[in-house]
Amino acid sequence: MSACKRLIYLVKHRSLWTYVRRNVATWSPVGAAFNTKPHRRLDLHEKSVGLFGVPELSCPAGFQVASKKSLKNTELLVEKVCNCPPGTETVESFDQLSDGLCKVADLADFVKVAHPDPVFREAAEKTCIEIGTVVEQLNTNVELCKSLKRLLDNPDIVAQLDSDTRRVAELFMFDFEISGIHLDDNLRKEAVALHVKLLDLNNEFLVGSHMPNRIASSAIPAHLHLQFENEGSFIQIGGLHAESPDSLVREIAYRIYLYPNAELMECLEELLKCRYKLAKLVGYESYGHRALKGTMHITCFCVLCLFFFFLSHRTAKDFKMMRDMKKKLNPHNSVSVLYNIEPSLYSPYLSLGACMEGLNNLFFQLYGVSLMSEHPSPGEVWSEDVRKLAVVHETEGLLGYIYCDFFHRPDKPHQDCHFTIRGGRWCQETGQYQLPVVVLMLSLPHPTKSAPTLLTPGMMENLFHEMGHAMHSMLGRTRYQHVTGTRCATDFAEVPSILMEYFATDFRVISQFARHYETGQPLPESMVARLCESKKVCGAADTQLQIFYAALDQLYHDKPLDRSTTEILKETQQKFYGLPYTPNTAWQLRFSHLIGYGAKYYSYLMSRAVASMVWKQCFVQDPLNRDMGERYRREMLAHGGAKEPMLMVEGMLKRRPTIEDFVDALVSELNPNFETFIMDSES
């Protein structure tokens, strides 16, 4: 669908007429928007609208204003909930209470890590702690809990609730239970104190896990200095440089970036100790047992054991096949050269604009959704290179907004993330749907004078992955924000994003957008085939690595640690992974998923298995099938966390998968077509 046709469509829909009339001159094809430098209109008379259009956030002090406003509204809602008769209104008021706090806390949670101004970051961090403390106090508020209990303990009232309202009520009660609402006054206060302490520890570890390490420039060969960031007489290393073709660059990055930090090590061990203490206090055997409540109800330990049993035998065979093939072709070639998958060969075909246009076309064909580029208002974004997208459905109209913070800048985390800024919900108080707002954060190179931003295949796949999270938020239309979009069971939240990775490596999808940025030549199908097959090379070893991470996460959150986290890592790596531990490294200090995915990292394997099943059963025959896209939205994306995860999977697959199905889904992808590579290389 051309930009002109999309514009005509929008004009035809009266509900968006005012919107179109105001922005018609600012929309352009999404590909062009990302392949050109943004031109900000400078008008000294225009007033700042504040970050994300929140007027209070025109300056750092505005966080305190927004926080006070939210907390005042919270007091009024708490009083309302405690005094209203049990019924649907009780749950709606709970959700309104949650929404008011989340809109401030979630926004601040993003700003504290991404804003280039340290004063803004500090103000946002204080707000996060302030709101977080109030949330923990509310989770142990006896009167608030009683109001919900009066509802859930009355079978006649519960019978009158719709399924979404009943589930949300049960989820709110679950929050009370895991926070220790059943404890006496003194123990409840202790639980709140532990929660508050964990807020600080979580933030300290998360920030520290993204901080670069540095080393004297003289310790690095001079010809490699340009590969890293310079800071006076020091070299800063903020990542593993895993895609560098230079093995020495990769080794230096690995050893320096993962070098142990004593303060962060102490923070992690204190964090794990507090989590265990909190779990025991509220009645669980361990923090792992507490965290796994409310997931897909498949015991992760069983899945991990099955995975490891099979893959421990597969990995040795995997490596042997690789060695044999390498000898047959050229004993001196590296794997990337062997398969002709050097990233620089692919990048000219994968400009950022082309990839965004590819996503735009894909979403329109699957869901009837278009991405429209908009000019942000003054003060709305935190960096001039942030792009704003309106997500528009062909019949439903405007669905929400995605802010794309894609480019590298100093002090920005080197991690690809999705942030919910505002969740979608039906607002009884206004009679309108509250549109979701999200941020996608990547760390891509800036365009140069001679070329747009060019992505490696890995960067392109990560872009598709994160956009899967964004569309989960956009396409959901839940009644309650407590279960909107990605606010669902952790081991289901990664399914939409991992599924997008399959689209990112399918030639029928890639062929629609991958063009050489200078010549317009399409990316050859043979190159896409080699890229897809190369991912299976040592695929069992890669999956085994994920099992190692998941097992380590479980061990950290089991019984109290009787030795250092590094010793546990070394022992677990020896048991679960084929490659040895590198001395004087502490990979766990870069394991930032311990915060959001503590005791739940196995979710990636579980989600990959579900995504694999959905892809093979529903999309592999035709990845652009509109009927299947609509079914996927209807059965999985639309519900957020308002429906049991396994019921959503069952609705999509039309069957209930077993544990064996989960394992088979991953194992079936680990068979590379070696003969195809040999014949291709020889020809």
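How each quantity is defined
Residues numbered from 1 in each chain as written. Predicted model: local features only at pLDDT ≥ 70, side-chain atom pairs only at ≥ 80, totals over all residues. Heavy atoms only, no water. Helix = DSSP H or I, 4+ residues; strand = E, 2+ residues; numbered from the N terminus. Contact = heavy atoms within 4.5 Å. Areas by Shrake-Rupley, 256 points an atom, 1.4 Å probe, with all protein chains shown as cover. Salt bridge = Lys/Arg side-chain N within 4 Å of Asp/Glu carboxyl O. Pairing = 2+ DSSP bridges. Axes fitted to C-alpha atoms, helices over the stretch in contact; angles between N-to-C directions. Core = buried A, V, L, I, M, F, W, Y, C linked by side-chain atoms within 4.5 Å. Buried < 20%, exposed > 50% of the residue type's maximum accessible area, 1.4 Å probe, protein only. Arc of directions from axis to C-beta. Polar contact = N/O pair within 3.5 Å; in protein donor to acceptor, adjacent residues only side chain to side chain. Parallel < 35°, antiparallel > 145°, perpendicular 65-115°, else oblique. Nonpolar A, V, L, I, M, F, W, Y, C, P; charged D, E, K, R; others polar. Phe/Tyr/Trp six-rings, centres within 6.5 Å; stacked < 30°, edge-to-face > 60°. Left-handed = near helix turned anticlockwise from the far one by under 90°. pLDDT = per-residue confidence, 0-100. Patch = residues over 30% accessible without salt bridge, like charges linked within 9 Å, V, L, I, M, F, W, Y side chains within 5 Å. Lys, Arg positive; Asp, Glu negative; His and termini not counted. Charge placed at Lys NZ, Arg CZ, Asp CG, Glu CD. Expected span 1.5 Å × (residues − 1).

Along its length, the protein chain carries 30 helices and 10 strands. Within the protein chain, contacts between residues separated by at least 24 positions form 73% of all contacts whose residues are at least 6 apart in sequence. With an accessible surface of roughly 30300 Å², the protein chain has 55% of that area assigned to carbon and sulfur atoms.

Looking now at the pattern of salt bridges. One pass over the structure, following the stated rule, counts 32 salt bridges. The shortest N-O distance in the salt bridge between Asp 162 and Arg 479 comes to 2.7 Å. One end of the pair, Asp 162, is in the loop between helix H8 (155–160) and helix H9 (163–178); the other, Arg 479, is in the loop between helix H18 (457–475) and helix H19 (490–493), with 317 residues separating them in the sequence. Residue Arg 508 pairs with Asp 506 through a salt bridge whose shortest N-O separation is 2.7 Å. Taken together, the salt bridges that share partners define one network made up of Asp 99, Lys 103, Arg 425 and Glu 429.

Right, let's talk about the sheet that holds strand E6 (residues 397–407) for a bit. The strand order E4-E5-E6-E10-E7 describes an open sheet built from five strands, whose pairing is mixed. Where the open sheet ends on each side, the last strands, each with one partner, are strand E4 (369–374) and strand E7 (417–422). Strand-to-strand, the axes of this sheet are offset by a mean angle of 30°, without reference to chain direction. Its contacts with the sheet place helix H5 (residues 88–114) against E6, E7 and strand E10 (437–444), and it is angled at close to 145° to E7.

Ordered in space as E1-E3-E2, the three strands form an open sheet in which the pairing is antiparallel. Because the sheet does not close on itself, it has two edges, and the strands there are strand E1 (213–216) and strand E2 (229–231). Each strand of the sheet is rotated relative to its neighbour by a mean of 35°, with strand direction disregarded. Where E1 lies against strand E3 (residues 234–237), four bridges are found, and the strand directions are antiparallel.

The next subject is unusual backbone geometry. In this structure, Asp 411 takes a positive phi of about 70° despite not being glycine. Here Asp 411 is to be found in the loop between E6 and E7. Notably, Ala 599 is not glycine yet its phi reads approximately 70°, a positive angle. Locating Ala 599 in the fold gives a position in the loop between helix H25 (593–596) and helix H26 (603–619).

Further remarks concern the nonpolar core. Core analysis: the largest hydrophobic core is formed by 136 residues, its most contacted members being Met 356, Ile 402, Phe 406, Phe 619 and Met 636. In terms of residue count, the dominant contributor to this core is H26 (11 residues). Contact partners of Met 636, with chain neighbours within four places excluded, come to His 472, Phe 492, Val 495, Val 610, Val 614, Arg 631, Met 648, Val 649 and Met 652. Ala 108, Ala 390, Tyr 401 and Phe 419 belong to the second largest nonpolar core, which has 30 residues in total.

By the burial criterion, the buried members of helix H11 (residues 247–257) are Val 249, Ile 252, Ala 253, Ile 256 and Tyr 257. Down the axis of H11, the buried set is contained in an arc of 105°. They therefore lie on one face. Residues of H11 that are buried make contact with helix H10 (185–210), E1 and E3. Sitting at the head of H11, Asp 246 places a side-chain oxygen 2.8 Å from the backbone nitrogen of Leu 248.

Here we take up the packing of H26 against helix H29 (residues 659–667). Running from N to C, H26 and H29 point in directions that differ by 75°, and their axes come no closer than 8 Å. Of the possible angle classes, the one that applies to H26 and H29 is roughly perpendicular. In contact with Leu 605, Met 606, Arg 608, Ala 609, Val 610, Ser 612, Met 613 and Lys 616 of H26, H29 contributes Asp 661, Phe 662, Ala 665 and Leu 666. Residues belonging to the contact of H26 with H29 are distributed by class as follows: eight nonpolar, one polar and three charged.

This part is about the packing of aromatic side chains. To describe a pair of aromatic rings, one takes the distance between the centres and the angle between the planes. Applying the stated criterion to the full structure yields 26 aromatic pairs. With a centroid separation of 6.1 Å and 70° between ring planes, the pair formed by Phe 52 and Phe 110 is classed as edge-to-face. Linking Phe 52 in the loop between helix H3 (30–35) and helix H4 (62–83) with Phe 110 in helix H5, this pair joins segments that are 58 residues apart in sequence. In this pair, the class of Phe 52 matches that of Phe 110, namely buried. A centroid spacing of 6.0 Å and a plane angle of 85° characterise the contact between Phe 619 and Tyr 632, whose relative ring orientation is edge-to-face. In this pair, Phe 619 is assigned in helix H26 and Tyr 632 in helix H27 (residues 626–637), connecting sequence segments 13 residues apart. You can call Phe 619 buried: its relative accessible area is 0%. Linked through ring pairs, Phe 548, Tyr 549, Tyr 577, Trp 587, Phe 591, Tyr 597, Tyr 601 and Tyr 604 together constitute an aromatic cluster.

Let's shift gears to the packing of H5 against helix H6 (residues 118–138). In contact at an axis separation of 8 Å, H5 and H6 are set at 145° when each is read in the N-to-C sense. Where H5 crosses over H6, the handedness of that crossing is left-handed. Residues Leu 97, Leu 101, Val 104, Ala 105, Ala 108, Asp 109, Val 111 and Lys 112 of H5 lie in contact with H6, whose contacting residues are Phe 120, Arg 121, Ala 124, Glu 125, Thr 127, Cys 128, Ile 131, Val 135 and Leu 138. Within the contact of H5 with H6, the residues separate by chemical class into 12 nonpolar, one polar and four charged.

Inspection of the secondary structure puts Thr 127 in helix H6. What makes Thr 127 buried here is its relative accessible area of 1%.

Here we take up the confidence of the model for the protein chain. Of the residues in the protein chain, 86% reach a pLDDT of 70 or more, and the chain-wide mean stands at 86. In the model of the protein chain, helix H2 (residues 17–23) stands out as the element of lowest mean pLDDT, 31, in contrast to H27, which has the highest, 98. Note that pLDDT drops below 50 for residues 1–28; the model gives that stretch 44 contacts with residues more than four away or on any other chain.

What follows deals with a negative patch on the surface. Together, Asp 200, Glu 204, Glu 263 and Glu 266 make up a region of like negative charge exposed at the surface. Relative to the elements of secondary structure, Glu 204 occurs in helix H10.

Further remarks concern the environment of Phe 548. As for its position among the elements, Phe 548 is in helix H23 (residues 539–556). Owing to a relative accessible area of 3%, Phe 548 belongs among the buried residues under this scheme. Put simply, Phe 548 and Tyr 577 are 29 residues apart on the chain and 6.1 Å apart in space, counted from C-alpha to C-alpha. Once you skip the residues sitting within four places of it in the chain, Phe 548 turns out to touch Leu 569, Thr 572, Gln 573, Phe 576 and Tyr 577.

Counted at 1.5 Å a residue, the expected span for H10 with its 26 residues is 38 Å, and the 38 Å between its end C-alpha atoms agrees. The N-cap residue of H10 is Asp 184: its side-chain oxygen and the backbone nitrogen of Asn 186 are 3.2 Å apart.

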